[in-house]
Amino acid sequence: KATVAIVGRPNVGKSTIFNRLVGERISIVEDIPGVTRDRIYAEAEWLTTRFNLIDTGGIEVGDEPLLVKMRQQAEVAIDEADVIIFLVNGREGITAADEEVAKLLYKSNKPVVLGVNKVDNPEMRETIYEYYALGFGEPFPISGSHGLGLGDLLDEVVSHFPELDMSEKDEDTIYFSVIGRPNVGKSSLVNALLNEERVIVSDIEGTTRDAVDTKLHRDNQDYVIIDTAGMRKRGKVYETTEKYSVLRALKAIDRSDVVLVLIDAETGIREQDKRIAGYAHEAGRAVVIVVNKWDTITSNEKAMKEFEEQVRAHFQYLDYAPIVFLSAKTKKRLHTLLPAIQLASENHTKRVPTNVLNDVVMDALAMNPTPTVKGKRLKVLYATQVNVKPPRFVIFVNEPELVHFSFARFVENRIREAFGFVGTPIKIIARKRQ
Ligand code: GDP
């Protein structure tokens, strides 16, 4: 999937345009604190093309002077995007700050589409020709607040997307990423895996821009470890900011089948861990929770049970994720990790036969009467699995409004008991059928 970044000096309307383009897609699926607030990265769609969108305005590095800030935002865009939307304000003309941004973008070799924002009425369209002077070809008049002109702008943006290389993703390979707050041991874990015996390793250079993915082969299974922020420290200023790490983590999650959520056994669970784990869950990826630095804990059954209870209490929405305890440093229990990833991935792509599924669901309902709401009883006619990655199930019912969260959860639990979807979220969708 291509990535588009919006750059421009403050107040030209970057966030307004971002929200317009992302539209309904920012929706709070579940009430996970802090997950969906204040987004700078989201999926958008134009006609049939999906892409990821970055609002670089959200990446702020302390109290830097304006020009430094803009330079950093432009660098993020240049590093992370396939196409850049350069936004200027149609009511102010070209400013010195616009010219500074333009200079950085000239050097980037990335396609740049120039959007002239705040062109709220047709008469103003006559005035946008002066923006040709910025040197990015045709300026596109748009109005973020009125939602005008975005279609033409997006046509141009999409026309610059790189050709999709279908050979890039191999169906038999498990793509996984390692996420977690700084210092939980992400790079240590990846290095430990790469240095393990019986693992064959090769770098896949430039898979996407400057990200470097690594290929592993172990026990007849191919894996690709997706490069994440913090794994290769390059030392640019913005790389140390939390927003930027979140952005990189979201990009990595987007390309993953399985996400490893790393937790530090030594420091215990922190607020930031929960936010990061929430991203993986929201994206519908398979998840394995990895408790690292287990060498610092006097390890016994009881310690493990206690830590597991804490994890379960803090990450309730990840109740399907297996927990692996290990030490990247001593490599203790490291051998349990790849099998857990493999199992989670298998379940993420698993399909169950419709007849068996229906037996399970109908048996469960025979034992537990369906709920009634205002005197009306919910009737379930049949169930079928419609998708994988993650598995989605449609239950056809008389009245979809009668299917509340608790009933969907009940069905989910019966399906999990019968088919064992360890490691993957599953979705239950109710549809009307008489
Ligand atoms: P990252 O920021 O998540 O990539 O974390 P690093 O891999 O750079 O590790 C942060 C620190 O934790 C380093 O000092 C590592 O040596 C240490 N560390 C990583 N894994 C382990 C572990 O399993 N046990 C112990 N005791 N220390 C670890």
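Structure: above.
Residues numbered from 1 in each chain as written. Predicted model: local features only at pLDDT ≥ 70, side-chain atom pairs only at ≥ 80, totals over all residues.

Asker: Mind showing me how you'd approach the site of the ligand here?
Answerer: In the vicinity of the ligand, 16 residues are found, and the nearest of them are Gly185, Lys186, Ser187, Ser188 and Lys329. It is helix H5 (residues 186-194) that contributes the most residues to the shell around the ligand, 3 residues altogether. Classifying every residue of the shell around the ligand gives 3 nonpolar, 9 polar and 4 charged. (Near = placed C-beta within 6 Å. Helix = DSSP H or I, 4+ residues; strand = E, 2+ residues; numbered from the N terminus. Nonpolar A, V, L, I, M, F, W, Y, C, P; charged D, E, K, R; others polar.)

Asker: Could you clarify how one ought to interpret the nonpolar core in this entry?
Answerer: One broad trend across soluble globular proteins is that nonpolar side chains are buried collectively. Val261, Val288, Ile289 and Val290 are the most contacted members of the largest nonpolar core, which totals 93 residues. Ranked by the residues each element gives to this core, the list is headed by helix H6 (residues 242-254), at 7 residues. Two domains share this core, each providing at least three of its residues, namely domain 1 (2-159) and domain 2 (167-347). For valine 261, the contacting residues outside a window of four places in its chain are Ile179, Gly180, Ile276, Ala277, Ala280, Val287, Ile289 and Val290. Membership of the second largest hydrophobic core comes to 14 residues, among which are Val380, Ile395, Ile415 and Ala430. (Core = buried A, V, L, I, M, F, W, Y, C linked by C-beta atoms within 7 Å. Buried ≥ 20, exposed ≤ 12 C-beta atoms within 10 Å, placed from the backbone. Domains from an automatic or database assignment. Contact = placed C-beta atoms within 7 Å.)

Asker: Looking at this model, I keep getting lost on the sheet that holds strand S2 (residues 41-46). Mind explaining?
Answerer: Paired through backbone hydrogen bonds, the strands of a sheet run either parallel or antiparallel to each other. Taken in spatial order, the 6 strands make up an open sheet running S2-S3-S1-S4-S5-S6, and their pairing is mixed. Only two strands of the sheet have a single partner each, and these edge strands are S2 and strand S6 (140-141). In the sheet, strand S1 (residues 2-7) pairs with strand S4 (residues 83-89) via 4 bridges, with the strands oriented parallel. What sits directly across from isoleucine 6, in S4, is isoleucine 85. Strands S1, S4 and strand S5 (112-117) of the sheet are contacted by helix H3 (residues 96-106), whose axis makes an angle of about 165 degrees with S4. (Pairing = 2+ DSSP bridges. Axes fitted to C-alpha atoms, helices over the stretch in contact; angles between N-to-C directions.)

Asker: Honestly, unusual backbone geometry in this entry has me stumped. Any pointers?
Answerer: Trans peptide bonds make up most of the peptide bonds, and negative phi angles are found at most residues other than glycine. With an omega of 0 degrees, the peptide bond between lysine 389 and proline 390 qualifies as cis. Relative to the helices and strands, proline 390 is located in the loop between strand S16 (380-387) and strand S17 (392-397). Residue lysine 293 is not a glycine yet carries a positive backbone phi of 65 degrees. When you line up the elements, lysine 293 lands in the loop between strand S12 (286-292) and helix H8 (301-314). The backbone phi angle of lysine 374 is positive, close to 50 degrees, even though this residue is not glycine. Here lysine 374 shows up in the loop between strand S14 (372-373) and strand S15 (376-377). In this structure lysine 374 comes out as exposed when scored by C-beta crowding, with 5 C-beta atoms within 10 Å.

Asker: What's the story with the pairing of strand S7 (residues 174-179) in this structure? I'm lost.
Answerer: Remark: a regular strand shows side chains that alternate across the two faces of the sheet. Judged by how many residues are buried, S7 sits mostly within the fold: 6 of 6 residues are covered. Residues Ile174, Phe176 and Val178 of S7 are buried on one face, and the alternating residues Tyr175, Ser177 and Ile179, pointing to the opposite face, are buried as well. Bridging between S7 and strand S10 (residues 221-226) involves 4 bridges; their strand directions are parallel. When the sheet's bridge partners are listed, tyrosine 175 is paired in S10 with valine 224. Bridging between S7 and strand S11 (residues 258-264) involves 4 bridges; their strand directions are parallel. For valine 178, the partnering residue across the bridge sits in S11 and is leucine 260.

Asker: Got a minute to help me understand the sheet that holds S16 in this structure?
Answerer: Strand order in the open sheet formed by 3 strands is S16-S17-S18, and the pairing between neighbours is mixed. This sheet does not close on itself; its edge strands, each paired only once, are S16 and strand S18 (427-432). Between one strand and the next, the sheet's axes are offset by a mean angle of 25 degrees, whatever the strand orientation. Two elements, S16 and S17, share 6 bridges in a ladder whose sense is antiparallel. Each bridged residue has a counterpart across the sheet, and for glutamine 385 the counterpart in S17 is phenylalanine 393.

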